[in-house]
Amino acid sequence: MLRGLNPLLSPDLLHALAAMGHGNDIVIADANFPAHSNGQRVVRLDGVSATAALEAVLQVLPLDTFVPDPALTMQVVGNPSEVPPVVAEFQKLVDKLADNPVKIGGLERNAFYQRSREAFVILQTGETRLYGNILLKKGVIGS
């Protein structure tokens, strides 16, 4: 255990977050997400909600300021403008905790899967709410 860190930040997750460079992506995925078939590196947080995982990650991960959409969610199939409750909670957390609060963008389902294949790591949670997936692009820390 370390002081000042959310206990959900497991050693494997901390290692992945620290190893990420500027512009690398992390996907926080729900329990239904095909993480192992889409990701080269998967860290599991079974039994943890995607919102709790996002809260922990945003406490240590800066969002990229060089891209228009450093936070993206999967759009609802057949109704891309719908905002599922879990996505509304994601937005509240980004507004509250991100060093660079932004409006979360959306990607069509297959485009989201494609981006997840290119992500540095997929964090598989126990989230059971549909569309509980968010992709974050890591920014820089500097003065």
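This text goes with the structure placed above it.
Summary of the structure given here. (Residues numbered from 1 in each chain as written. Predicted model: local features only at pLDDT ≥ 70, side-chain atom pairs only at ≥ 80, totals over all residues. Heavy atoms only, no water.)

Now for the pattern of salt bridges. By the definition in use, this model includes five salt bridges. We note a salt bridge from Asp 25 to Arg 115, for which the minimum N-O separation is 3.2 Å. Residue Asp 25 is located in strand β1 (residues 25-29), and its partner Arg 115 is located in helix α5 (residues 109-117); the two are separated by 90 residues in the primary sequence. Residue Arg 115 is classed as partly exposed on the basis of its relative accessible area of 22%. Here Glu 127 and Arg 129 are joined by a salt bridge, their closest N and O atoms 2.7 Å apart. (Salt bridge = Lys/Arg side-chain N within 4 Å of Asp/Glu carboxyl O. Helix = DSSP H or I, 4+ residues; strand = E, 2+ residues; numbered from the N terminus. Buried < 20%, exposed > 50% of the residue type's maximum accessible area, 1.4 Å probe, protein only.)

What follows is about the nonpolar core. By size, the foremost hydrophobic cluster in this structure holds 32 residues, and its most contacted members are Leu 13, Ile 26, Ile 28, Leu 123 and Leu 136. Where this core is concerned, the elements lending two or more residues are α1 (11-19), β1, β2 (42-45), α3 (50-58), α4 (85-97), β5 (121-125) and β6 (134-137). Among residues more than four places away in sequence, those in contact with Leu 123 are Leu 13, Ile 26, Val 27, Ile 28, Ala 29, Val 43, Leu 45, Ala 53 and Val 57. Of all hydrophobic cores here, the second largest spans 14 residues; its members include Phe 33, Ala 35, Ala 119 and Ile 122. (Core = buried A, V, L, I, M, F, W, Y, C linked by side-chain atoms within 4.5 Å. Contact = heavy atoms within 4.5 Å.)

For the rest of this paragraph, the subject is the packing of aromatic side chains. For any pair of aromatic rings, the description rests on two quantities: the centre-to-centre distance and the angle between the ring planes. Taken as a whole and assessed by the stated rule, the structure comprises two aromatic pairs. Arranged with centres 6.1 Å apart and planes meeting at 85°, the rings of Phe 33 and Phe 112 form a pair that is edge-to-face. Of the two residues, Phe 33 is situated in the loop between β1 and α2 (35-38) and Phe 112 in helix α5; the sequence distance between them amounts to 79 residues. Between the aromatic rings of Phe 33 and Tyr 113, the centroid separation amounts to 5.4 Å while the plane-to-plane angle is 55°, which identifies the pairing as tilted. Linking Phe 33 in the loop between β1 and α2 with Tyr 113 in helix α5, this pair joins segments that are 80 residues apart in sequence. (Phe/Tyr/Trp six-rings, centres within 6.5 Å; stacked < 30°, edge-to-face > 60°.)

We note that Tyr 131 has phi near 65°; this positive angle belongs to a residue other than glycine. Tracing the chain through its elements places Tyr 131 in the loop between β5 and β6. Look at Tyr 131 and you get buried, because its relative accessible area is 19%.

Read from one edge to the other, the open sheet built from six strands follows the order β2-β5-β1-β6-β3-β4, with strand pairing classed as mixed. The open sheet has two free edges, formed respectively by β2 and β4 (105-107), since each of these has just one partner strand. Adjacent strand axes in the sheet meet at a mean angle of 25°, parallel and antiparallel pairs treated alike. Across the sheet, α1 lies against β1, β2 and β5, angled at about 140° from β2, the strand it touches most. (Pairing = 2+ DSSP bridges. Axes fitted to C-alpha atoms, helices over the stretch in contact; angles between N-to-C directions.)

Given 3.6 residues per turn, any residue in an α-helix points the same way as the ones three and four places further on. If you check which residues of α5 are buried, you get Phe 112, Tyr 113 and Ser 116. Along the long axis of α5, the arc covered by the buried residues comes to 100°, so they all point the same way. Two to three positions downstream of the cap, the backbone nitrogen of Asn 110 sits 3.0 Å from a side-chain oxygen, assigning the N-cap of α5 to Glu 108. (Arc of directions from axis to C-beta. Polar contact = N/O pair within 3.5 Å; in protein donor to acceptor, adjacent residues only side chain to side chain.)

Residues Ile 134 and Leu 136 point to one face of β6 and Leu 135 and Lys 137 to the other, with burial holding for every one of them. By the bridge criterion, three bridges tie strand β3 (residues 71-74) to β6 in an arrangement that is antiparallel. Directly across from Thr 73, in β6, lies its bridge partner Ile 134.

Coordinates in, geometry out; function isn't part of it.
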